[in-house]
Amino acid sequence: MSDILNQLHTAVVAGETDPARELAEQALRASIAPLTAIDEALNPAMEIVGGKYETGEYFIPDLVMAAEAMKAAMQVFEPALMARQEERQVLGTVVIGTVEGDIHEIGKSLVATMLSAAGFQVHDLGVDVPASRFVEQVRETGANVVGLSALLTTTMLGQEAVVEALQEAGLRDQVKVVIGGAPAGPEWAETIGADGYAENANEAVGVVKQLLGI
Amino acid sequence: MRPKVEFLSRETIERILSEAYDLLDDPGVRVHSERALRLLADHGADVDLAAQVAHIPADLAQRAVETAPSSFHLYDGAGQPVVHYGGDDIQFDPGSAAIEILDHGATQSREPVTADCVRFLQLADGLDALDAVATSIVCADVPQEMADWYRLYLVLLYTGKPVVTGAFAVETWSVMKDLLVAVTGSEEALAAQPRAVFDVCPSPPLLWSEITCENLMDCAQYRVPAELVSMPLTGATGPATLLGAVVQHAAECLSGVTIHQLVNPGAPIVWGGSPAAFDMRAGTTPMGAIETMMIDCSYAEVGKHLGLPTHAYLGMSDAKIVDAQCGFESGIGAILAALAGINMISGPGMLDFESCFSLEKLVIDAEIVGMAKRIATGMVERETPLGLEIIRQVGHAGNFLATSHTRHWFREELFIPSPVVDRDFRRGWEAKGSLTTTERAHRRVAEIVAAYEPLNLPDEVVSELEAIAQRVAQSAGLDHLPER
């Protein structure tokens, strides 16, 4: 592997956003194919990061910063991929957000980070997202996974609303719906006709992979 | 001398407040209520209505702090002022809004229903260590839309103790107010002798959602005490540094006091919170972390410096069952809170990050509360000389048990625990069945619940409560209230 890719790998593992971005630019200038950089530097780096988290060496902030560094490098590579009419291999496309009326961000963002670190394309719609927005975004991106977060017992009904909206839009069969948040649980997932429930961000990756048969 | 724990120097408190006032102006506070934004604008805040951001000048917030009362009482069903918010007085109430309950002996929790809430209230009513109750159990056998006021409805039917509560929606606040009016007689009586305090929770960082902001203003308007529950999560929704989190807490609370006092100057409001030292491994919000407790005690010092009543969620645990972690986290928290002189300490009974209630834990925590209150009383100079006279009198014979001095003073000096705390000889403990703390607690739960005496509420008050509950339940799609 080239020296630049080695450094890019190191920068992502260390969670250094600015160096990761600069090294990605350097890689393109050195005519390294973006897919090569992704396959040889970014993906292996995230695997190492995941391993370090599993063994207890890394904590959530280390993970989040590594994902940020990866994102910064991807932002450099994506236009180059488009220009070459190439596509990054992703495990799946996820549309995620906190449902309408609920403004709690942190849990949802952690799940988004973990999924993107695991190799998914993630579209994070933020918080207080109406059901119609989820439907639009699924249609636009061709997503096969929808993640719905709700922290309050009063807003968890919003998760049901999204499942119903997907049904009405004829998109329900295209996606696996996974829910999460303090008041939610496996029973609630069953009640509202979601496909899965995850207790935390780590579990979310496993649940999504399992639902997609990965 | 009253023992005290202090984490902050006066200089540090002033720096915290100075930074908090600066934050109110830049970046300002997000307020998702047009009513509040217009009110702030009318009083000199620089408001961006489209962005829903208010830049609050320091002097506006400082004036609000001045008009807020430094103390007030909560009243029980008999009209007695049994809870005093102010000074260093300490009081305890159970933790609030559990969406799960843990049965004795179970490792899995379950959703609580009406019968669980009633049993909890009968128990809390009988535990003298608890100065107030809380709407601690969210019943799963009623629709979500009515879960908040339904808890208060049950509380008012089963206990006369003051209540720490809160609304889950904008509309339900007035239902809860109506229920309180049913037991106090009128809106004026409720304002004059408030029975309940309402938690209102800003969202970190620096956001008043529509629900909490409207609840806050409704409390002010009717002079029903409001309790600010600011909850920065270190390194997640607030700074990772503990003092940084205290600064954010102060800014959120100051903005709350400002909005509240603009609606109705002089209305009672409490400087409270539920911050947590975010767990960087699990991504959870531990209430039993020592740093959580340090932030709580520190923000309480800031509140006291401002001359405001204080509150904290302490004395709870993140354990999943009633085990050793459950005991030590609850114990440390309750003792620290007592030594910090926090007026209302909410937590007894609560497990699993403030989400799961255990009746056995509640009676164990009542023992902790007894000890916490005792330590807060401190070493008292009971007589002069302190010991010279009695020691001389008993002399070298040394049997103090046979003196009236002992008989007179031991009840004053000692907190006498219930049988939940084992102080027997080993043989005695074995003879009683070698029970664990939790098993002893389980027995005590049954005893206290069995000894519960129903409230003698006037029939017309009960009818009024039921009429309100039935009317609002029907609009939530529930034709019949669950059996009690």
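Rules used in this analysis
- Residues numbered from 1 in each chain as written.
- Chains lettered and ligands numbered in written order.
- Predicted model: local features only at pLDDT ≥ 70, side-chain atom pairs only at ≥ 80, totals over all residues.
- Heavy atoms only, no water.
- Helix = DSSP H or I, 4+ residues; strand = E, 2+ residues; numbered from the N terminus.
- Rg over C-alpha atoms; globule rule 2.2 N^0.38 Å.
- Buried < 20%, exposed > 50% of the residue type's maximum accessible area, 1.4 Å probe, protein only.
- Contact = heavy atoms within 4.5 Å.
- Buried area = accessible area lost by both parts, 1.4 Å probe.
- Polar contact = N/O pair within 3.5 Å; in protein donor to acceptor, adjacent residues only side chain to side chain.
- Salt bridge = Lys/Arg side-chain N within 4 Å of Asp/Glu carboxyl O.
- Domains from an automatic or database assignment.
- Nonpolar A, V, L, I, M, F, W, Y, C, P; charged D, E, K, R; others polar.
- Disulfide = S-S within 2.5 Å.
- Pairing = 2+ DSSP bridges.
- Axes fitted to C-alpha atoms, helices over the stretch in contact; angles between N-to-C directions.
- Expected span 1.5 Å × (residues − 1).
- Arc of directions from axis to C-beta.

Comments concerning the overall build of chain B
Right, on to step 1. Counting secondary structure elements, chain B contains 17 helices and 17 strands.
Right, on to step 2. Against the 2.2 N^0.38 benchmark of 23 Å for 484 residues, chain B shows a C-alpha radius of gyration of 23 Å, consistent with a compact globule.
Right, on to step 3. C-alpha atoms of chain B, sized along the principal axes, occupy 80 × 60 × 50 Å.
Right, on to step 4. Looking at chain B as a whole, 55% of its 484 residues qualify as buried.
Right, on to step 5. Counting contacts in chain B only where the partners sit at least 6 residues apart, residues at least 24 apart contribute 74% of the total.

A few points about the interface of chain B and chain A
Right, on to step 1. Across the contact, 15 residues belong to chain B and 16 residues belong to chain A.
Right, on to step 2. Between chain B and chain A, roughly 1,300 Å² of surface is buried when both sides are summed, and carbon and sulfur atoms account for 70% of that area.
Right, on to step 3. The three residues of chain B that bury the most area against chain A are B:Gln144, B:Met280 and B:Arg281, which together make up 48% of that side's buried surface.
Right, on to step 4. Remark: the boundary between chain B and chain A carries four residue pairs in polar contact (both at pLDDT 80 or more).

Concerning the pattern of salt bridges
A side chain of one charge can pair with a side chain of the opposite charge if their charged atoms are brought near each other.
All names here are of chain B.
Right, on to step 1. For the coordinates displayed, the defined rule picks out 26 salt bridges over all chains.
Right, on to step 2. Between Glu 14 and Arg 10 there is a salt bridge, with the nearest N and O atoms lying 3.3 Å from each other. Highlighted residues: Glu 14 and Arg 10, both in helix 1 (residues 10-25), separated by four residues, approximately one helical turn.
Right, on to step 3. Classification of Glu 14 as partly exposed rests on a relative accessible area of 38%.
Right, on to step 4. Overall, Arg 10 belongs to the exposed group, its relative accessible area being 58%.

Quick look at the domain arrangement of chain A
Residue and element names in this part refer to chain A.
Right, on to step 1. Splitting chain A by domain gives domain 1 (3-83) and domain 2 (93-212).
Right, on to step 2. Between the C-alpha centres of domain 1 and domain 2 the distance comes to 26 Å.
Right, on to step 3. Contacts between the two partners involve eight residues from domain 1 and, on the opposite side, six residues from domain 2.
Right, on to step 4. Across the domain 1/domain 2 interface, buried area totals approximately 560 Å², and carbon plus sulfur atoms make up 71% of it.
Right, on to step 5. At the boundary of domain 1 with domain 2, the tally comes to zero salt bridges.
Right, on to step 6. Summed over the shared surface of domain 1 and domain 2, the result is zero residue pairs in polar contact (both at pLDDT 80 or more).
Right, on to step 7. Those elements that provide at least two residues to the side of domain 1 that touches domain 2 are helix 3 (34-55) and helix 4 (60-83).
Right, on to step 8. Here the side of domain 1 that touches domain 2 gets five residues from one element, more than from any other, and that element is helix 4.
Right, on to step 9. Class assignment of the residues belonging to the side of domain 1 that touches domain 2 gives a composition of six nonpolar, no polar and two charged.

With respect to the state of the cysteines
All names here are of chain B.
Right, on to step 1. A complete count under the given rule lists zero disulfides over all chains for this structure.
Right, on to step 2. With no disulfide of its own, Cys 139 has Cys 117 as its nearest cysteine by sulfur position, at a separation of 4.3 Å.
Right, on to step 3. Distance from the sulfur of Cys 219, which forms no disulfide, to the nearest cysteine sulfur (Cys 201) is 11 Å.

Observations concerning the sheet that holds strand 8 (residues 133-134) of chain B
All names here are of chain B.
Right, on to step 1. Read from one edge of the open sheet, five strands run 8-9-10-12-13, paired in parallel fashion. At either margin of the open sheet sits one strand with a lone partner, and together these are strand 8 and strand 13 (269-273).
Right, on to step 2. Of the strand pairs in this sheet, strand 12 (residues 226-230) and strand 13 are connected by five bridges, and their pairing is parallel. Each bridged residue has a counterpart across the sheet, and for Ser 230 the counterpart in strand 13 is Gly 273.
Right, on to step 3. Each of strand 8 and strand 9 (163-165) touches helix 5 (residues 147-158); the most contacted strand, strand 9, lies at about 175 degrees to it.

What about helix 2 (residues 17-29) of chain A?
Residues and elements named next belong to chain A.
Right, on to step 1. With 13 residues, helix 2 ought to run about 18 Å at 1.5 Å a step, and its terminal C-alpha atoms sit 19 Å apart, in line with that.
Right, on to step 2. Of all the residues in helix 2, the buried ones are Thr 17, Ala 20, Leu 23, Ala 24 and Ala 27. With its buried residues spanning 130 degrees around the axis, helix 2 presents them on a single face.
Right, on to step 3. In this structure, the buried side of helix 2 is in contact with helix 1 (3-14) and helix 4.
Right, on to step 4. Immediately downstream of helix 2, the backbone of Ser 31 shows phi near 60 degrees, a positive value.

Some words on the sheet that holds strand 17 (residues 356-357) of chain B
Residue and element names in this part refer to chain B.
Right, on to step 1. The mixed open sheet is built from three strands, whose spatial order is 7-17-16. Sheet topology places strand 7 (100-101) and strand 16 (350-351) at the edges, where each strand pairs with a single neighbour.
Right, on to step 2. In the sheet, strand 7 pairs with strand 17 via two bridges, with the strands oriented parallel. Within strand 17, the position partnered with Glu 100 by the bridge is Cys 356.

As for the side chain of B:Thr114
All names here are of chain B.
Right, on to step 1. Tracing the backbone shows Thr 114 in helix 4 (residues 114-126).
Right, on to step 2. By relative accessible area, Thr 114 is classed as buried at 0%.
Right, on to step 3. Looking at Thr 114, its side chain comes within polar contact range of the side chain of Tyr 150, at 2.8 Å.
Right, on to step 4. Not counting chain neighbours up to four residues away, the residues in contact with Thr 114 comprise Cys 139, Asp 141, Tyr 150, Leu 154, Pro 482, Glu 483 and Arg 484.

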